[in-house]
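# Topology and contacts: notes
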Amino acid sequence: MIVRKMTTEDLDEVVALEAAVFSMPWSHDGFLTALERDDALFVVAYDDGVLGYCGAYLTQDEAEITNVAVSPGVRRRGIGAALLDALTEELEQKGIFRIVLEVRESNDAARLLYEKKGFDIVGTRKNFYERPRENAYVMVREPINTYSE
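For the structure given in this document, a descriptive report is provided here. Computed from a prediction, not measured in an experiment: that's the story for all the values here.

Turning next to the pattern of salt bridges. When the charged atoms of two side chains lie near each other, side chains of opposite charge can form a pair. Across all of its chains, the model carries ten salt bridges by this definition. A salt bridge links arginine 37 to aspartate 39; the shortest N-O distance between them is 2.7 Å. Accessibility expressed as a relative area gives 26% for aspartate 39, which makes it partly exposed. A salt bridge links glutamate 102 to arginine 125; the shortest N-O distance between them is 3.0 Å. Note that glutamate 102 is positioned in strand β5 (residues 98–104) and arginine 125 in strand β6 (residues 120–129), a separation of 23 residues in sequence. Salt bridges sharing partners connect three or more residues here, namely Glu62, Arg98 and Glu142.

Pasting the structure below:
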């Protein structure tokens, strides 16, 4: 398995995975628009096809993770962790200081992964998700790098 930046050639598989995993999936055009933005970064885990992906939007020294998805058939094999590591490394190279994300309160597996990767719960967004309606934990990791000036 390799983790690399997402390309337009990945979109059909990414969109299919998105539809399989999320109740309100992004469209092909939504991903294409994101890939064309200078302030977005998306990576894929690839091995004879897309196994997972994650992405973030960047603003100055902060990034917001928008999507993290791993194909149900290959979960619990370190793919999510590898995606987060690769994304974080790319963000560090861009000078990003802080990463923010939301996760469903009921998604214990994702929350535990994020905590393992240094994220802390800092708040709750009431009724953030639809289908089904559910609260989200707001999680933050800062600083993401350990350099000193």
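There is more to say, and it comes next.
With that settled, the discussion passes to the nonpolar core. Judged by nonpolar contacts, the single largest core of 25 residues is most densely connected at Ile65, Leu87, Leu91 and Tyr114. Breaking this core down by element, the ones donating at least two residues are β2 (40–46), β3 (50–59), β4 (62–70), α3 (79–93), β5 and α4 (108–116). For this core, the element with the highest residue contribution is α3, accounting for five residues. If you look at the next biggest cluster of nonpolar residues, it comprises 13 residues, including Leu11, Val15, Ala34 and Tyr53.

For the rest of this paragraph, the subject is the pairing of β4. Relative to β4, β3 runs antiparallel, the two sharing eight bridges. Bridge pairing in β4 places leucine 58 opposite alanine 63. Connecting β3 to the antiparallel partner β4 that follows it, the hairpin turn spans two residues, and glutamine 60 within it adopts a positive phi of roughly 50°. In this structure, β4 lies alongside β5, joined through three bridges in parallel fashion. Residue pairing in the sheet places glutamate 64 in a bridge with valine 100 of β5. Each parallel crossover has a hand, and for β4 linked through α3 to β5 it is right-handed.

The rules behind the values
- Residues numbered from 1 in each chain as written.
- Predicted model: local features only at pLDDT ≥ 70, side-chain atom pairs only at ≥ 80, totals over all residues.
- Heavy atoms only, no water.
- Salt bridge = Lys/Arg side-chain N within 4 Å of Asp/Glu carboxyl O.
- Buried < 20%, exposed > 50% of the residue type's maximum accessible area, 1.4 Å probe, protein only.
- Helix = DSSP H or I, 4+ residues; strand = E, 2+ residues; numbered from the N terminus.
- Core = buried A, V, L, I, M, F, W, Y, C linked by side-chain atoms within 4.5 Å.
- Pairing = 2+ DSSP bridges.
- Right-handed = clockwise from strand over helix to strand, strands pointing away.

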